[in-house]
Amino acid sequence: MPMLRGTLDPLVLKTVSWSPMHAFEITNWIEERSDGRVQIDDAALLQALHRLEDRGYLAGEWGVTENARRAKYYSLTAAGRAYLRTEAARLVDHLDAIVSILSAKTSTPRG
Amino acid sequence: MRFDIRPGVRRLLRFSIRTRAAMKRDADDELEALIACRVDHLIARGMSADDARAEAIRRLGAPLDEVRHQLHTNADQRERRMRVVEFVESVMEDVRYAARGLARRPAFTAVAVLTLAIGVGATTAIFSAVNVLILRPLPYARPNELMKVSVVLPAEGARPSLTLGFAYPTYTTLREGQRSFSDFAAYALAPQLTLTSGDVERVDGEYVSASYLRTLGLAPERGRDFDRSLDAHAGAPHEAIISYALWQRRFNADPSIIGRAIDIDREPWTIIGVGPREFRGLSGQADVFLPVATTAASLPGPGMHLVSVVARRAPGVTALRATDEMSALGARLANEFRNPMGKLASEVHVSALDALRIDPLVKRSLLVLFGAAWLVLGIACVNVANLLLGRASARRREIAVRVAIGAGRGRLVRLFLVESLMLALLGGIASAAVAWIGAHVLASVDPTTVFRGTSRGDATIGAVAFSSIALDWRALAFAMSTSLVVGLFFGLAPALGATRASLSDALKSDRTAAGAGVGRRTLVVAEIALALVLLVGSGLMLRTVAKLLSVDVGFDKSNVLTFSLTPPPGSIADDSMPGFYSRILDRVRAVPGIADAALGSCGPFVPTCRLTSLWRPDAPVPDQVYTGMEVVTPNWFSVMHVRLVRGRPFSPTDHSGGPSVVLLNESAAKTFFGADDPIGQRISVGRSVKDAEVIGIVGSVRQLPDSAPGPITYVPATQSPPEEMIVFVRTMSNAATVASALRLAVREVAPQRSMYDMQTMTQRQGVATAKNRFRAMLLTAFALAALLLAAIGLYGVLSFAVTARTREIGIRIALGAERASVQRLVIGEGLALVGVGVVIGLAGAFAGARLLRTFLFDLTPSDPVTYAAIIVVLGVTAVLASWVPALRASRVDPVIALRAE
């Protein structure tokens, strides 16, 4: 299922708010948390990470993984935290509205 | 693995910009890492290596090459953006560094900014005055076609040449006869018109021909212009055009003004138009324009040269041809200009209106001041250069350290330039402020009090007013750009010089810096020389003012109050001492604190005195025919404390029925009678005094402080009462203190608003010397600025020298030199510089003071008192400026000084 527009950035930011992570950790964490229901294309994730870093919401630094691989770790900046707060609120509100529309019971039976 | 590095930290720590290739490599690495991690993860879940790899690629969402390409493109864009940000940030860094540096040395910063502000600000203010008064084209259509036509009476004997207007009939004759001009307009000042209907107010006006505005290429802002046919015959309808200023001020810009009635000099007029904005007539002071044809009949005939003529050259007519035609016409009209003696030669002259826009003396004053401003600017530049040089030298070590840790020279030069530019910017802002204040001061110079008054006859137009001086964007741009150029130019040289120094030299010792001092010393010598030139100029001006104020004017000017009176129409009988004035005098004498009061038609320091001709019926025509004529009450001489030299004063018996009598002043007696005894002789003066007997000689009174007393004939008021009189009041104490009581008293007996222009004699003298004081004030301001700047320069050089020679001074003190001798060493060095500067400056001042010759009163341009005083002032200043560095030198601790190496 394709990602809803505007949901990727808050998801990524939320994820790294727990602790600094590299790209695979982020996508894996999201996948596990959603029981596999949310899958992100890796290309899209990398672009999102670079974009968020460029805007100053994420800070990236090279490190070494547990498996001794070189990887770039991202952590949330203060600006990113603030952005996450407002974007998350907006998104939750939006989804809530969608849910309430879709789950409304049909009150007037046909025919 | 935790990294908590915030964005920007990399930039803050000034890590070098990542190259494009490095950023691409990073993107590739990250992509590979992501794929590898997923492969590891999948293998850990039991997938085969190949399958895991295929799955990881699938999870990319796009072909690997495409993804890689996309990431590269993004990286490129980011890198480009970063580069700009990086540059801006590095400049900001320099700015912050420079700001910190300037803030850390507030004295240096303040002095540099102040120096620029004074130099550039003064130049800008004077520039705006010169721009408005001399450079800017006249605010009329095609102003180079406009000419002024006047009568010139060539110099004759002691009398200088006079430029006059025309009698009205002469003007009309010329207008009909000429072919060179497409328009030929007349205007005559109509001073002190009384506006009634509403608040009573006195304004100046102009009688103008109907073509006046059209000739100048102007049109009324509202309403209509005068009808062209108006000039054809006398007795035109009472139609008036009012000035835009009057419309705004008196009528609150009332849109329904056209067609309204207004009482001017107690006659009803209809307002038909509102003049163009900013237009106050060519006289520069008119608020009402009245058709000359309405009053042509009442304008005095031949002999009264009241009408000024402005004309527009017809297309294709050269100025030369117009001049020739006018001269030829003038020669034919020569009879028009005969005085009663039939003696006067006259010529008709044509000159470009633009050449007459400002009194030549004012023009020269302004140009002198403009020159002075440039001198101050020069000094300011030298000072700024000196300050920056000094600062650069003082920072050689810092620079060397920076070079040692790898700063590029370009970067260092940029650092210096940013600092100079910041200084220049601050200086620019400050100088704009100084220029703004200066322009306001100049604009507030009331031209009617300062620069009119003494300008005689028809020689200049007053349309270009000081009050129109204002800073426009051009002047502000001038201030800013001058400041920036000074900052850049004088900042670049030290920046290049200081950064060129070889590393090892600078780190080893400061001594090389002392060598750079030679240039700075030369600059200080130049400053002192320039300051001396200005000081001499201002000194001469100040001495002139002092001499003018202390000159013997021939009467006692203290405790005299004067005011003018316009009697109501019909209140003066032609044949007797009028009752109106008797009532006024009686009432005035009754005011406490007043000793006596007298009447005079004119008086000293009153700019509007008439000149008329005097002749002896029984003698051959003399070279000089002009005399001032003043109608006075018999007690005028006792009120003014003018002494009677010989003969008898006026007495009550010299009434209208009795034989005509006059008094001459000494100058008139000498001019017209030479060695003869005038007493008992008979003379005629002007048109009103025929065959009168000279009964006495009185002391000469200066009409203006700066000109020798001229011949004056006094006529008793009982025998020749004029309409308007000035009341001279001798008070027992300070004249100004009784002014309000006097005003109230006069109001009891005089009609509303008939009294005006109340001034003490001291005030009148102030007005009469205003030009001189104005010049002295401005030149002194410039000279003091120059002196201050030169002192700052001297101080800078000496304190720099002391710093550079700390070691040497330390050794001297260690070897037993006394502190006083160390001080003498430094002060002596300062005085040596001043000495050289004074010698050079004196040469400049001798040359420069010649330009001021026309402005001097009772002084030669090489007045020794002034020069001596100025040299003393400079010497004292030099000692003061050297004192602080000298004190610092004498306090050098030898131990510290020697250890510093």
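Residues numbered from 1 in each chain as written. Chains lettered and ligands numbered in written order. Predicted model: local features only at pLDDT ≥ 70, side-chain atom pairs only at ≥ 80, totals over all residues. Heavy atoms only, no water.

Draft legend 1. Focus on the overall build of chain B. Along its length, chain B carries 27 helices and 22 strands. Buried residues in chain B amount to 51% of all 901 residues. Contacts in chain B between residues at least 24 apart in sequence constitute 82% of all its contacts with a sequence separation of at least 6. Entry remark: accessible area of chain B is about 39,900 Å², with carbon and sulfur atoms responsible for 60%. (Helix = DSSP H or I, 4+ residues; strand = E, 2+ residues; numbered from the N terminus. Buried < 20%, exposed > 50% of the residue type's maximum accessible area, 1.4 Å probe, protein only. Contact = heavy atoms within 4.5 Å. Areas by Shrake-Rupley, 256 points an atom, 1.4 Å probe, with all protein chains shown as cover.)

Draft legend 2. Examining the pattern of salt bridges more closely. The full count for this structure, using the stated rule, is 35 salt bridges over all chains. One salt bridge connects Arg45(B) with Glu32(A), and the closest N-O pair in it is separated by 3.8 Å. With Arg45(B) in the loop between α2 (20-44) and α3 (49-59) and Glu32(A) in helix α2 (residues 23-33), this pair bridges two chains. Overall, the relative accessible area of 58% leaves Arg45(B) in the exposed class. Taking relative accessible area as the criterion, Glu32(A) reaches 46% and is therefore assigned partly exposed. Across the pair Glu748(B) and Arg587(B) runs a salt bridge whose closest N-O atoms are separated by 2.8 Å. Separated by 161 residues along the polypeptide, Glu748(B) in helix α21 (residues 739-749) and Arg587(B) in helix α18 (residues 579-589) bring together distant segments of the chain. Taken together, the shared-partner salt bridges in this structure form one network comprising Glu32(B), Asp65(B) and Arg68(B). (Salt bridge = Lys/Arg side-chain N within 4 Å of Asp/Glu carboxyl O.)

Draft legend 3. Seen up close, the packing of α2(B) against helix α4 (residues 64-104) of chain B. Residue and element names in this part refer to chain B. For the pair α2 and α4, the least separation of the axes is 9 Å and the interaxial angle reads 140°. Our classification of the angle between α2 and α4 gives oblique. Where α2 crosses over α4, the handedness of that crossing is right-handed. Between α2, through Arg20, Met23, Lys24, Ala27, Asp28, Leu31, Glu32 and Ile35, and α4, the contact on the second element is made entirely by Leu64, Val67, Arg68, Leu71, His72, Ala75, Asp76, Arg78, Glu79 and Arg80. (Axes fitted to C-alpha atoms, helices over the stretch in contact; angles between N-to-C directions. Parallel < 35°, antiparallel > 145°, perpendicular 65-115°, else oblique. Left-handed = near helix turned anticlockwise from the far one by under 90°.)

Draft legend 4. Seen up close, the environment of Ser684(B). Residues and elements named next belong to chain B. Among the structural elements, serine 684 can be located in strand β18 (residues 682-685). In contact with serine 684, other than residues within four places in its own chain, are Ser613, Leu614, Trp615, Pro617, Val689, Lys690 and Asp691. Engagement of the side chain of serine 684 in a polar contact is seen with the backbone nitrogen of aspartate 691, the distance being 3.0 Å. (Polar contact = N/O pair within 3.5 Å; in protein donor to acceptor, adjacent residues only side chain to side chain.)

Draft legend 5. The arrangement of helix α6 (residues 168-177) of chain B in detail. For α6(B), the set of buried residues is Tyr168(B), Thr170(B), Tyr171(B), Leu174(B) and Arg175(B). Taken down its axis, α6(B) places every buried residue within 155° of arc, on the same side. (Arc of directions from axis to C-beta.)

Draft legend 6. Inspection of the pairing of strand β4 (residues 201-208) of chain B at higher detail. All names here are of chain B. Within β4, 7 of the 8 residues are buried, leaving the element largely enclosed by the surrounding structure. Across 7 bridges, the pairing between strand β3 (residues 181-195) and β4 is antiparallel. Following the sheet pairing, alanine 188 is matched in β4 by tyrosine 207. Counting the residues between successive antiparallel strands, the hairpin from β3 to β4 contains 5 residues, one of them, serine 197, with a positive phi of roughly 50°. (Pairing = 2+ DSSP bridges.)

Draft legend 7. Quick look at the side chain of Ser431(B). With respect to the helices and strands, Ser431(B) occurs in helix α13 (residues 409-443). Setting aside anything within four residues of it in sequence, one finds Ser431(B) in contact with Leu116(B), Ala117(B), Val120(B), Gly121(B) and Ala479(B).

Draft legend 8. Geometry of the interface of chain B and chain A. Across the boundary between the two partners, chain B contributes 30 residues, which contact 34 residues of chain A. Run the count over chain B and chain A and you get 6 salt bridges. The residue Asp54(A) makes a salt bridge to Arg81(B) at a minimum N-O spacing of 2.1 Å. Counting every contact that joins chain B to chain A gives 10 residue pairs in polar contact (both at pLDDT 80 or more).

Draft legend 9. Expanded view of the nonpolar core. Residues and elements named next belong to chain B. Counting residues in each nonpolar core, the largest one holds 68 residues, and the members touching the most others are Ile126, Val376, Ile469, Phe782 and Leu794. Elements with a minimum of two residues in this core: α5 (106-135), α11 (360-394), α13, α15 (473-500), α17 (511-550), α23 (770-804), α25 (819-849) and α26 (864-890). Contact partners of leucine 794, with chain neighbours within four places excluded, come to Val524, Glu527, Gly830, Leu833, Val834, Ala878, Ala881 and Ser882. Listed in part, the 47 residues of the second largest apolar core include Phe166, Ala186, Val288 and Val348. (Core = buried A, V, L, I, M, F, W, Y, C linked by side-chain atoms within 4.5 Å.)

Draft legend 10. Local environment of unusual backbone geometry. Residues and elements named next belong to chain B. Notably, arginine 142 is not glycine yet its phi reads approximately 35°, a positive angle. With respect to the helices and strands, arginine 142 occurs in the loop between α5 and β1 (146-153). For aspartate 691, which is not a glycine, the phi torsion comes out positive at approximately 55°. You can see aspartate 691 is positioned in strand β19 (residues 689-698).

Draft legend 11. Highlighting the packing of aromatic side chains. Residues and elements named next belong to chain B. One pass over the structure, following the stated rule, counts 21 aromatic pairs over all chains. Centre to centre, the rings of tyrosine 171 and phenylalanine 184 are 5.9 Å apart; their planes meet at 5°, and the pair counts as stacked. Of this pair, tyrosine 171 sits in helix α6 while phenylalanine 184 sits in strand β3, placing them 13 residues apart in sequence. Accessibility assignment for this pair places tyrosine 171 and phenylalanine 184 in one class, buried. (Phe/Tyr/Trp six-rings, centres within 6.5 Å; stacked < 30°, edge-to-face > 60°.)

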